2 protein chains.
Amino acid sequence: MTPIDPTDFRDINPGERLLMGPGPSDVPARVLQALAAPCIGHLDPYFLATMNQTQQLLRYLFQTANGLTIPVSATGSAGMEACFANLVECGDEVVVAVNGVFGTRMCDIVQRIGGKLVRVDAEWGRAVDPAAVAAAVKGCRPKVVAVVHAETSTGACTPLEDISTIAHAAGALLLVDCVTSLGGMSVPIDPLQVDAAYSGTQKCLSCPPGLSPVTFSAAAVKALEQRKHPVVSWYLDLSMVRDYWGGDRKYHHTAPVNMVYALREALRLIAEEGLEARFARHRLNHRALVAGLEAMGLAMLVPAEERLPMLNAVRIPEGVNDAKVRQALLSEFAIEIGGGLGQFAGKVWRVGLMGHSCRRRNVMLFLAALETVLKAQGFKARPGAQAAADSVYTSAPA
Amino acid sequence: MTPIDPTDFRDINPGERLLMGPGPSDVPARVLQALAAPCIGHLDPYFLATMNQTQQLLRYLFQTANGLTIPVSATGSAGMEACFANLVECGDEVVVAVNGVFGTRMCDIVQRIGGKLVRVDAEWGRAVDPAAVAAAVKGCRPKVVAVVHAETSTGACTPLEDISTIAHAAGALLLVDCVTSLGGMSVPIDPLQVDAAYSGTQKCLSCPPGLSPVTFSAAAVKALEQRKHPVVSWYLDLSMVRDYWGGDRKYHHTAPVNMVYALREALRLIAEEGLEARFARHRLNHRALVAGLEAMGLAMLVPAEERLPMLNAVRIPEGVNDAKVRQALLSEFAIEIGGGLGQFAGKVWRVGLMGHSCRRRNVMLFLAALETVLKAQGFKARPGAQAAADSVYTSAPA
């Protein structure tokens, strides 16, 4: 038993940051206000209505009519686990395309639940080649084909059209990680016939981390209903979770009431902006950021046509100290960016332009701050970063 | 794709409630303020310090020196699953004492992960008899003996001393559900040699739902380290979660930053009040509530010596409509109480006196409101409820 002096603990006061890392992104004041609304019972009529509205807004964002569209009551990684754990049974074959950390994590999860993993390894920092997926699918009878739409670890975007065709031609369900893409670029669940997808709240939704939006198609629900064995995870068993979020309101767990308030408000902000305007904003700020970085003499990791707008991996120049640059950005400018993950640790920075963080003022401040910090590290940035970014904003938007 | 009109969605505005159900309980303003502090990166030095402080405060509350003491990033049921999934492997024998809904849930989880369930059924609404646990333990070689300290579905308290002795004499680990007891009565993890325990934030901690405090003893950690197979849940695998919360800060998932702020503040409030004062407050208000209810002519479900202070199951009198009473309390007085669960659905009300909700003013208001509502239902409450409660407050506290 540890004695404790409560006066050792001060008020929560994180100060201000500009969050330009791989998430969380800056949370708008309206979302924080919603988060702090009085907590009420999770079976209160007001909260039940709030759940319904949250689902309605999620369907809009996912571009789907899927009934089973809910925020799983845990962070994005739990959404990943929920999708696999509900669709894959022991012995089922699963094709997973791996081009970064999160594809690797998918493989880990598939193996833990006893799935038979067919792994398609692609180069990190590049999109997955649909031909490689097609080849893998030919050699097996997959129940699920899984792919990461937006690899947060590298900034590479894998288009979903061809992989969807390949998966469905093989009779498989298409499972998509859209943790980083949802809310920042189009994730058209119904038009692309995605069967299961999961995301997180702290990326382009600009809500604090804590929930994982998930959607299941009719085919995915059918697979869930036809399982031979119960889902190994009680907490993530969507056959029960959906009775709780659905009309029956059958008690399962206690929903994270205040986080749902916040998610609803974040989604409402997205609906107010409109999907197309929001996606265009992400593309525009991305183009300006890249123009500025390249003008400075820095190089992007991912080829132009495969880049995500909201997650920009920049190669760390020779002789520049990774950690010192990030520390200086944080301590001198209160700007957070991310370091590299996995094989890119120490080799790239990950600069996020997600949701509320994705604004012209932030791009300009970041370019100025990075230039200052790099100078202190002895890196001779070429002049003209600001002018290059400016010219993107003043020319016609993408 | 569902078209949406954002003006259909109004500001979050739940209004005021008095939460006297089985949880969530009323959240103090300081906790809501902490919840709404700016979100920062989950690897930010300020947040890492906040994580450390949260662990320190949790150890104080759990009365433990356990290193592995963390809030699992999901609600209380995920804490239950985390404890079982990390300690039980396929084929391991597990004794579960069942005297309500949450013991039943334990059994479900044990079976999903492949544990060999040895179920000890006790009467619902009563404490578990240690002799029944001893008998069950004799017939097998259990790796884990699991018991619910505070059955939220019935209001029965099962003392842990004898069951701890029985479990350890059999070489088993003791796993305890303290979702409803933690923060409202003593849960002395180290003195009672509890090996694994989980709780929730929305009961006697008076923080919104969304996190599950969990603690593992050295013996439990050893069992985790000696597993033959990986934990089936990636998200809840404490061998990875502890590297994230521990010194290495090895990335696992993104912690729910704002929920951790809120939990830290709720724990700080507990430390300021002091454990003994807090527990005495719960006992006192419980005694006053029961005195008032019994004076009115109502009967408690659980025998006096087996009652929880924070969850009071009251028998619904003959001829009184369960749902109408609860609806009237909510619509006329903005008071939430809980209905019965499982075999007690429609037979009892569950009146919570948890954390911030556990106050004299709330007891007095509730007794007055219930009397009014019952009168409208044709139930003739005996006079004197208020005087009976008053006399508890004015005599010496328990």
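On a predicted model such as this, the values are computed, not experimentally measured, just so you know.

1. Notes on the overall build of chain A
A count of helices and strands for chain A gives 13 helices and 14 strands. Here the C-alpha radius of gyration of chain A, 22 Å, is about what a compact globule of 398 residues would show, namely 21 Å. With respect to the principal axes defined by its C-alpha atoms, chain A has extents near 65 × 60 × 50 Å. Every one of the 398 residues in chain A was classed for burial, and the buried ones make up 59%. Considering only intrachain contacts with a sequence separation of at least 6, the fraction spanning at least 24 residues in chain A is 73%.

2. Some thoughts on the relation of the copies chain A and chain B
Least-squares fitting of chain A to chain B yields an RMSD of 0.0 Å, with the superposition described by an axial translation of 0.0 Å and a rotation of 180°. Look at the turn and shift together and you get a two-fold axis relating the two. Taking C-alpha positions as the reference, the residue of chain A nearest the rotation axis is A74(A), at 2.4 Å. A shared interface surface links the copies, since 97% of the contact residues of chain A are contact residues in chain B too.

3. Considerations on the pairing of strand 4 (residues 116-121) of chain A
Residues and elements named next belong to chain A. Where strand 3 (residues 93-98) and strand 4 come together, six bridges link them in parallel fashion. Along strand 4, the bridge assignment pairs V94 with L117. Between strand 3 and its parallel partner strand 4, the chain crosses via helix 4 (residues 101-112), and the hand of that crossover is right-handed.

4. Brief notes about the interface of chain A and chain B
Taken together, the contact pairs 69 residues of chain A with 67 residues of chain B. For the side of chain A that touches chain B, the secondary-structure elements that each account for two or more residues are helix 1 (29-35), helix 2 (45-62), helix 3 (76-87), helix 4 and helix 9 (257-273) of chain A. With nine residues, the single largest contributor to the side of chain A that touches chain B is helix 9 of chain A. Residue composition of the side of chain A that touches chain B, by class: 37 nonpolar, 19 polar and 13 charged.

5. Details of the sheet that holds strand 11 (residues 311-315) of chain A
Residue and element names in this part refer to chain A. One open sheet holds the three strands; their spatial order is 11-14-13, and the pairing between them is antiparallel. Looking at which strands have only one partner, the edges of the open sheet turn out to be strand 11 and strand 13 (338-339). Pairing between strand 11 and strand 14 (residues 348-352): five bridges, direction antiparallel. Note that in strand 14 the partner of L311 across the bridge is G352.

6. Description of the sheet that holds strand 10 (residues 212-216) of chain A
All names here are of chain A. Taken in spatial order, the seven strands line up as 2-10-9-8-5-3-4 in an open sheet, and their pairing is mixed. Lying at the two open borders of the sheet, with one neighbouring strand each, are strand 2 (69-72) and strand 4. Here the average twist between neighbouring strands, direction ignored, is 20°. Where strand 2 and strand 10 come together, four bridges link them in antiparallel fashion. The partner of T69 across the bridge, within strand 10, is T215. Of the strands in this sheet, strand 5 (144-148) and strand 8 (173-177) touch helix 6 (residues 161-169), which is tilted by about 145° from strand 8.

7. Describing the domain arrangement of chain A
Residues and elements named next belong to chain A. Under the domain assignment used here, chain A contains domain 1 (29-272) and domain 2 (274-394). Between domain 1 and domain 2, the C-alpha centre-to-centre distance is 28 Å. Opposite the 22 residues of domain 1 that make contact, domain 2 presents 21 residues. Residue composition of the side of domain 1 that touches domain 2, by class: 10 nonpolar, 10 polar and two charged.

8. What about the nonpolar core?
Counting residues in hydrophobic clusters, the biggest one holds 283 residues, and the most contacted among them are V145(A) and V145(B). If we skip the residues at most four places from it in the chain, V145(B) touches V95(B), V133(B), V137(B), I163(B), A167(B), A172(B), L174(B) and L175(B).

Parameters at a glance
- Residue positions are given per chain, counting from 1 as you read along its sequence in written order.
- Each chain gets a letter, beginning with A, and each ligand a number, beginning with 1, in the order they are written.
- Confidence filtering applies because this is a predicted model: local features only for residues at pLDDT of at least 70, side-chain atom pairs given and counted only at 80 or more, and all residues used for totals across whole chains, interfaces and linings.
- Strands are runs of DSSP state E lasting at least 2 residues, helices are runs of H or I lasting at least 4, and numbering of each runs from the N terminus.
- Note on method: radius of gyration uses C-alpha positions; expected globular size equals 2.2 Å times residues raised to 0.38.
- Counting other C-beta atoms within 10 Å of each residue's C-beta, where C-beta atoms are placed from the backbone, gives the exposure class: buried for 20 or more, exposed for 12 or fewer, partly exposed between.
- A pair of residues counts as a contact when their C-beta atoms, built from backbone coordinates, are separated by no more than 7 Å.
- Only residues with pLDDT of at least 70 in both copies count here: their C-alpha atoms drive the least-squares fit that superposes the copies.
- In this scheme, strands are said to pair when DSSP sees at least two bridges between them.
- When the strands point away from the viewer, a crossover counts as right-handed if the route from the first strand across the helix to the second turns clockwise.
- Gly falls in the polar group here, along with every residue not listed as nonpolar (Ala, Val, Leu, Ile, Met, Phe, Trp, Tyr, Cys, Pro) or charged (Asp, Glu, Lys, Arg).
- Note on geometry: axes are lines fitted to C-alpha atoms, helical ones only across the stretch in contact, with angles between N-to-C directions running from 0 to 180 degrees.
- All domain edges in this entry derive from an automatic or database-based domain assignment.
- A set of buried residues drawn from Ala, Val, Leu, Ile, Met, Phe, Trp, Tyr and Cys, joined through C-beta atoms within 7 Å, is what defines a nonpolar core.

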